[in-house]
Amino acid sequence: MFAMLVALAAASAPSVPSFPVAADSLVPVTIRVQAMVGNEPFVCGRSYSGIGTTGATITASEFRFYVHNVRLVNARGDTVAAAIQPRAPWQDADVALVDVENGTGPCSGGTPEMHPEITVLAPAGSYRGVAFTLGVPFARNHGDLAAQPAPLSLSRLFWSWNGGYKFLRVDLRAAQGDSAATGWVIHLGSTGCTGEAGAKSPTSCAQPNRANVALAGFDPSRDVIVADLAALLARSDVRRNQPQTALGCMSAPGDGDCGGLFASLGLAHPAATGADTPRFFRVARATATMGQGEAR
């Protein structure tokens, strides 16, 4: 039986009173996600030009991310904490996996099945906003991968017992003109994780790197959440890598290649490029084909 808490204040409030909602009053709400590269739908194997600070052409081979702590804003402006509906292998009660690759072409490391949505249980009604956390909850982030049920059983989205999961993984190759393509990756996760003496797993992380996302004007009956790879890379040079650092961005605080990406996600980083950096997530009106959306 799922328990729900409905907050009696706006989403921005740090602490609000709440009251329980009966489980039998909850209905499934599907939050659709559309992966885009600018104005073009993301498709495995397709190349996209004009990306990043040097206008490179990219071809991605991986595009998946985890979400938890989903909330909806109803027509009165109240924030509703929505329960993720378990749906194996994509969702359990704590976390949902958004998978927008189809295992074909350069995405052969993925799966043919896709999951471009998040299904939650919430009170019936109209909604005008959504919020969520990009990442895996700390309590689930540091454990034995072999013992984890889906969707946390994917080795390609796991770093190590100490580092935990890759909250967002995007792998790509970038070229410019007739030059050879070079690899560049985005592996977002917690860093600086340590444990107290005698602890069996980390008890804290210096850089949690869980992005809190809040999107106004979102109606799940008509809108989609756009995850825009062009916006995420807008302030990055995907043709170059900072010397003596990991390929692309693997979330290290000393890696300047992470600055634009972290700014796009609203995360702090020493090399962050500023509040005017285009955001990875935005709201768009859904179309009949779930292809291109009208930005809002």
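A brief report on the enclosed structure follows. From a predicted model like this one, the values you see are computed outputs, not experimental measurements.

## Details of the environment of N69
Step number 1: In this structure, N69 sits in strand 6 (residues 56-74).
Step number 2: A relative accessible area of 40% places N69 in the partly exposed class.
Step number 3: Discounting chain neighbours no more than four positions away, the residues touching N69 are A131, F132 and T133.

## Topic: unusual backbone geometry
Outside of glycine, negative phi angles account for most residues, and trans bonds account for most peptide bonds.
Step number 1: Backbone torsion omega between A88 and P89 reads 5 degrees, so that peptide bond is classified as cis.
Step number 2: Backbone geometry places N69, a non-glycine residue, at a positive phi of 55 degrees.
Step number 3: A positive phi angle is found at N209, which is not glycine, with a value near 60 degrees.
Step number 4: Residue class for N209 comes out buried when judged on its relative accessible area of 7%.

## A short note on the pattern of salt bridges
Step number 1: All chains considered together, the criterion is met by 16 salt bridges.
Step number 2: Where D228 meets R282, a salt bridge forms, and the shortest distance between an N and an O atom there is 2.7 Å. Taken together, the positions of D228 in strand 19 (residues 223-228) and R282 in strand 20 (residues 281-285) put the pair 54 residues apart, joining distant regions of the chain. Grouping residues by exposure puts D228 and R282 together as buried.
Step number 3: One continuous salt-bridge network, built from bridges that share partners, spans E62, R64, D99, E101 and R156.

## So, the nonpolar core
Step number 1: Ranked by size, the top nonpolar core spans 69 residues in total, and within it F63, F65, L168, L233, L265 and F281 carry the most contacts.
Step number 2: At 9 residues, strand 6 tops the list of elements feeding residues into this core.
Step number 3: Not counting chain neighbours up to four residues away, the residues in contact with L168 comprise F63, R64, F65, I186, H187, L188, L232, L265 and F280.

## Here's the deal with the packing of aromatic side chains
Step number 1: This structure, assessed with the given rule, holds 8 aromatic pairs.
Step number 2: Aromatic pair F65 and F281: ring centres 5.7 Å apart, planes at 75 degrees, arrangement edge-to-face. You can see F65 sitting in strand 6 and its partner F281 sitting in strand 20, a full 216 residues away along the chain.
Step number 3: Aromatic side chains F158 and Y165 sit 4.8 Å apart centroid to centroid with 70 degrees between the ring planes, which places their arrangement in the edge-to-face category. Summarising the burial analysis for this pair, F158 and Y165 share the class buried.
Step number 4: Through pairs of rings, three or more aromatic residues link up here, namely F42, F63, F65, F132, F280 and F281.

## Here we look at the environment of T182
Step number 1: Structurally, T182 is set in strand 15 (residues 182-188).
Step number 2: Looking at T182, the relative accessible area reads 29%, which means it is partly exposed.
Step number 3: Remark: the alpha-carbon pair of T182 and N241, spanning 59 residues in sequence, is separated by 9.7 Å.
Step number 4: Filtering out sequence-adjacent residues up to four positions away, T182 remains in contact with L172, R173, A174, V238 and R239.
Step number 5: Engagement of the side chain of T182 in a polar contact is seen with the side chain of R239, the distance being 3.0 Å.

Rules used throughout
Residues numbered from 1 in each chain as written. Predicted model: local features only at pLDDT ≥ 70, side-chain atom pairs only at ≥ 80, totals over all residues. Heavy atoms only, no water. Helix = DSSP H or I, 4+ residues; strand = E, 2+ residues; numbered from the N terminus. Buried < 20%, exposed > 50% of the residue type's maximum accessible area, 1.4 Å probe, protein only. Contact = heavy atoms within 4.5 Å. Salt bridge = Lys/Arg side-chain N within 4 Å of Asp/Glu carboxyl O. Core = buried A, V, L, I, M, F, W, Y, C linked by side-chain atoms within 4.5 Å. Phe/Tyr/Trp six-rings, centres within 6.5 Å; stacked < 30°, edge-to-face > 60°. Polar contact = N/O pair within 3.5 Å; in protein donor to acceptor, adjacent residues only side chain to side chain.

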